[in-house]
Amino acid sequence: ELKSIITDGDIRRALLSGFGLQSSIFVIKTNKPIVASTEDSVEQIAERFNEKIRIIPVVDKQNKVVDVYFRDKRTHIAVTNPLFDEHEIELLTECIVTGWVSSAGAFVTKFESMVADYCGTKYAVSCSSATSGLHLALLAHNIGPGDEVIVPSLSFIATANAVTYTGATPVFVDSHKTTWNIDPNLIADAITPKTKAIIPVHLYGHPADMDPINEIAKKHNLLVVEDAAEAQGAKYKNRMVGSLADIAVFSYFGNKIITTGEGGMIVTDDADIAEKCRVLRDHGMSKDRRYWHEVVGYNYRLTNMQAAIGVAQMHKIDNIISRKKEIAAEYSKHLEAIPCITLPSNMNWADNVYWLYTILIDTHLVDVNVEDLMQVLKQNGVDSRPVFPPMHKQPIYDTGLTLPLCEDISQRGISLPSAPDISDDNIANICKIIIDFIETNQVASTRL
Ligand SMILES: *Cc1c(COP(=O)(O)O)cnc(C)c1O
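## Re the pattern of salt bridges
Move 1: Considering all chains together, one arrives at 16 salt bridges under this definition.
Move 2: Taking the shortest distance from any N to any O, the salt bridge between aspartate 282 and arginine 301 comes out at 2.7 Å. A residue pair is termed long-range when its members are at least 10 positions apart, and aspartate 282 in the loop between helix 9 (271-281) and helix 10 (304-335) and arginine 301 in the loop between helix 9 and helix 10 qualify at 19 residues.
Move 3: Put simply, glutamate 330 and lysine 333 hold a salt bridge, and the shortest N to O gap is 2.8 Å. Residue glutamate 330 and its partner lysine 333 are both found in helix 10; the two are separated by 3 residues, about one turn of the helix.

So, in structure tokens, the structure goes:
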């Protein structure tokens, strides 16, 4: 039966004012509840609402609680956020209670085997980030100074930086016009006698077209590293991303499909390479003799605490991905009829996990600036994200190269809120803001 409502703040204040845990809950004086009845008019009910009301319990005639509504406290809708529940807290608590907080511990091996099983590879080696994972994957294949590695220019900077860390040179290739991933037809032209590897990226959750990439690689004897940081769970011709090339890397940064706070995973079927990655991630320490070093290694380990979160996240990855797909379908339902919006692709050979639902505004059809649209969304409490600026245009990699497709995609692209817990109503509202903005600008430009 509903007597009253108290908050954690009320309990804290009661404890501070001298009451103990054995005191009756009724020592806490609360404000009289604001009550509305089903007999009241809508106006009467509306009058009782104010900014301070956060929780609305619904009671029946006997004063029994039958439902509870929470006012949405968020003042803005994020582009994405992690999805946690008691499971992460429970496993993390286990690390703290048992003292297994560092990089040894049962959760590390458990998380590694869960990820290997999930993507169907023989080995998984956890590491501190996808960036360190890419670095290790290249080092384990002896890539270094004087070598060239082909990467798509349209990616997060880490793809190229991992190449640079080894002393090798990233060589940038333009995007495919539909998938926005590296265009396999442009790879051959970028190959030189120095080329040692290709790193296709599965951008925004859509797999790169791996068969032609692997074919070119085979022909020129090149290593293929999948940068699957944004695409765990995506499939290419019914095969899991991560199992499509020599070696692959996932990211567990806070905004990725699943997260460990910071973290990464290397997956491969090659036992020797997996072992090399393990040695290099742990200061290069010999497996046979402790504190004995034959190579210069790194401290790139994942902690047991991070892995504990990872284990809990792996239990919900399928739910997260199916919600991501629903979110994409929901956006597409509202936006597909709008002629000046290009929706994200899902090729018939692909199973896109829609890490971030990203659209292009067709600026040749409508006089709309993506930055202005982002501003309008922001004013309505909606966060959005520009598409990555191409890496060949960044001060650290700019050699005056022009890659027209990725430059165009980058200028016209915008990623919309894609957190697994966004509501369909919020998606509808976001689409309405976008459509209104485009229509207003269309009218304005026609008038001119
Ligand atoms: C996030 C990301 C990375 C880097 O991941 P970290 O775990 O933050 O190092 C690398 N490549 C791509 C494509 C990414 O999106």
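From this point, the discussion proceeds with the structure in view.
## Remarks on the environment of cysteine 277
Move 1: Topologically, cysteine 277 is positioned in helix 9.
Move 2: What makes cysteine 277 buried here is its relative accessible area of 0%.
Move 3: A C-alpha to C-alpha distance of 20 Å links cysteine 277 and tyrosine 118, two positions 159 residues apart in sequence.
Move 4: Aside from chain neighbours lying at most four places away, what touches cysteine 277 is Val125, Leu136, Ala137, Ala140, Ile247 and Ile266.

## A word on the nonpolar core
Move 1: Counting residues in hydrophobic clusters, the biggest one holds 98 residues, and the most contacted among them are Phe111, Ile150 and Phe250.
Move 2: Filtering out sequence-adjacent residues up to four positions away, phenylalanine 111 remains in contact with Tyr252, Thr260, Met265, Leu302, Ala307, Gly310, Val311 and Met314.
Move 3: Residues Ile77, Val366, Leu373 and Ile422 belong to the second largest nonpolar core, which totals 31 residues.

## Observations regarding a negative patch on the surface
Move 1: A contiguous patch of negative charge on the surface is contributed by Asp246, Asp269, Asp270, Asp272 and Glu275.
Move 2: Counting through the fold element by element, aspartate 270 comes out in the loop between strand 11 (264-268) and helix 9.
Move 3: By relative accessible area, which is 35% here, aspartate 270 ends up partly exposed.

## Side note on the side chain of glutamate 88
Move 1: On the secondary structure map, glutamate 88 appears in helix 3 (residues 86-98).
Move 2: Glutamate 88 gets classed as buried once you look at its relative accessible area, which sits at 4%.
Move 3: If near-sequence neighbours (up to four positions away) are discounted, glutamate 88 is found in contact with Leu83, Ile309, Ala312, Gln313 and Lys316.

Conventions and cut-offs
- Residues numbered from 1 in each chain as written.
- Predicted model: local features only at pLDDT ≥ 70, side-chain atom pairs only at ≥ 80, totals over all residues.
- Heavy atoms only, no water.
- Salt bridge = Lys/Arg side-chain N within 4 Å of Asp/Glu carboxyl O.
- Helix = DSSP H or I, 4+ residues; strand = E, 2+ residues; numbered from the N terminus.
- Buried < 20%, exposed > 50% of the residue type's maximum accessible area, 1.4 Å probe, protein only.
- Contact = heavy atoms within 4.5 Å.
- Core = buried A, V, L, I, M, F, W, Y, C linked by side-chain atoms within 4.5 Å.
- Patch = residues over 30% accessible without salt bridge, like charges linked within 9 Å, V, L, I, M, F, W, Y side chains within 5 Å.
- Areas by Shrake-Rupley, 256 points an atom, 1.4 Å probe, with all protein chains shown as cover.
- Lys, Arg positive; Asp, Glu negative; His and termini not counted.
- Charge placed at Lys NZ, Arg CZ, Asp CG, Glu CD.

Worth remembering: the numbers are spatial, not functional.
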